[in-house]
Amino acid sequence: MVICLAMSDAIRLIRPDDWHLHLRDGEVLWRTVPDAARCFARALVMPNLEPPVATTALARSYRERILEVAHGLDFEPLMTLYLSEQTPVSEIALACESGLIQAVKWYPAGITTGAAAGVRRTESIYPVLEAMQEEGMILSVHAESPLPEVDAFDREQHFIEQELSCVLRDFPSLRIVVEHISTACAVDFVRTGPPTLAATITAHHLLHNRNALLGGDLRAHYFCRPLLKREEDRCALVAAATGTDRKFFLGTYSAPHRRGDKESACGCAGCYTAPAALELYAIVFEQAGVLDRLEDFASRRGADFYGLPQNTKYMELRRQRWQLPATLDMAGEELVPLAAGEVLAWRAEPLV
Ligand code: DOR
């Protein structure tokens, strides 16, 4: 709903959920959990820790560590399991019975941070996918090919064509979320696919094309996997997010790395968007002239796809200029958020 205030515009929206988030572990949680909880009622927490969150028991204890930090905050972590070639089929029943696991995450081996133990051969996970289809467990996919002969900018398309299309064909009732899509090809694949298929879209892939990373000097804080792509890809993502197709919903994919680990000869992939995530999405929806659709994208479609109730509390986004800090503290180290030092036009506040 859009309401007009005397001096400024404001939007009231159902408290959103983040359907793709990296919280990490230990002391770092004191940074990441409050940043996420400021706007999001729930978040789907990625399992790419060292060691990976590969069993229900590990997910349960990770969830408890998150909840200790979230004490007093209005925030519920929704857990995921890390899929590997060693995942026993029996783990899927355990995950479902626990009521804590919302999705199983497929990382192609070596594709990104914490993906070393991921999947090499797609056929090897077929028995687990069979069990997931039976139990109604969602498959969350990092859809990029890790093959060295595939160009870094073509990895998403290659994986969709060579791997994901086969899984879609072979498991017609398995619900699949293609995470952080970055290309027009992925938008098309999801849009024209069955209703069992959906996708999350990040604020950074909506706001930037690859020129932000490579168009001038090399800018490490725009480096993530999948890489930012061409302008036509960005436009296709914006059309999908701001359109009416309910298969596309919010997943920030906020992924913190210490400043020194990003600004390095071998820099880590990941953009930290959590401190201003909703405000960054608001820029995109406002530019598209459909700010009134932000609530559907951020607060309704994801919950509906996951079969969870929509949140009952509300947020307000006010047109109010504020400056994002240039750096943040993360367990005693510097962390540079995306849009560091920039002045943003919207500010989100909880509504009580
Ligand atoms: O850029 C990325 N960062 N891509 C991923 O898939 C993982 C993430 C992280 O965990 O840092």
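Up top is the structure these notes are about.
Residues numbered from 1 in each chain as written. Predicted model: local features only at pLDDT ≥ 70, side-chain atom pairs only at ≥ 80, totals over all residues. Heavy atoms only, no water.

> In this structure, what is going on with helix H11 (residues 277-287)? I would like to understand it.
At 3.6 residues per turn, the α-helix brings residues three or four places apart onto the same side. Counting buried positions along H11 yields nine of eleven residues, so the element is predominantly enclosed. Looking only at H11, the buried set comprises Ala-277, Leu-278, Glu-279, Leu-280, Tyr-281, Ala-282, Ile-283, Val-284 and Phe-285. Phi for Gly-289, located one or two positions after H11, is positive at around 75°. (Buried < 20%, exposed > 50% of the residue type's maximum accessible area, 1.4 Å probe, protein only. Helix = DSSP H or I, 4+ residues; strand = E, 2+ residues; numbered from the N terminus.)

> Just to check I follow, could you spell out the side chain of Arg-63 for this structure?
Residue placement: Arg-63 occurs in helix H2 (residues 56-70). Once you skip the residues sitting within four places of it in the chain, Arg-63 turns out to touch Pro-77, Met-79 and Leu-100. (Contact = heavy atoms within 4.5 Å.)

> I would appreciate a short explanation of the site of the ligand in the present structure.
Surrounding the ligand, one finds 13 residues, the nearest of these being Arg-24, Asn-48, Arg-225, Tyr-253 and His-257. Here an oxygen atom of the ligand sits 2.7 Å away from a polar atom, N or O, in the side chain of His-257. Considered on its own, the ligand offers 290 Å² of accessible surface; in the complex 100% of this is hidden by protein. Considering only residue class, the shell around the ligand consists of four nonpolar, seven polar and two charged. (Near = heavy atom within 4 Å. Polar contact = N/O pair within 3.5 Å; in protein donor to acceptor, adjacent residues only side chain to side chain. Areas by Shrake-Rupley, 256 points an atom, 1.4 Å probe, with all protein chains shown as cover. Nonpolar A, V, L, I, M, F, W, Y, C, P; charged D, E, K, R; others polar.)

> Help me out: how do you make sense of the sheet that holds strand E8 (residues 176-178) in this one?
Judged by pairing direction, the sheet is parallel, and its eight strands sit side by side in the order E3-E4-E5-E6-E7-E8-E9-E10 without closing on themselves. The open sheet has two edge strands with one neighbour each: strand E3 (17-21) and strand E10 (248-250). Recorded for the sheet is a direction-independent mean angle of 30° between the axes of neighbouring strands. For strand E7 (residues 138-141) and E8, the ladder comprises three bridges, and the chain directions are parallel. Looking across to E8, one finds that Ser-140 is bridged to Val-177. (Pairing = 2+ DSSP bridges. Axes fitted to C-alpha atoms, helices over the stretch in contact; angles between N-to-C directions.)

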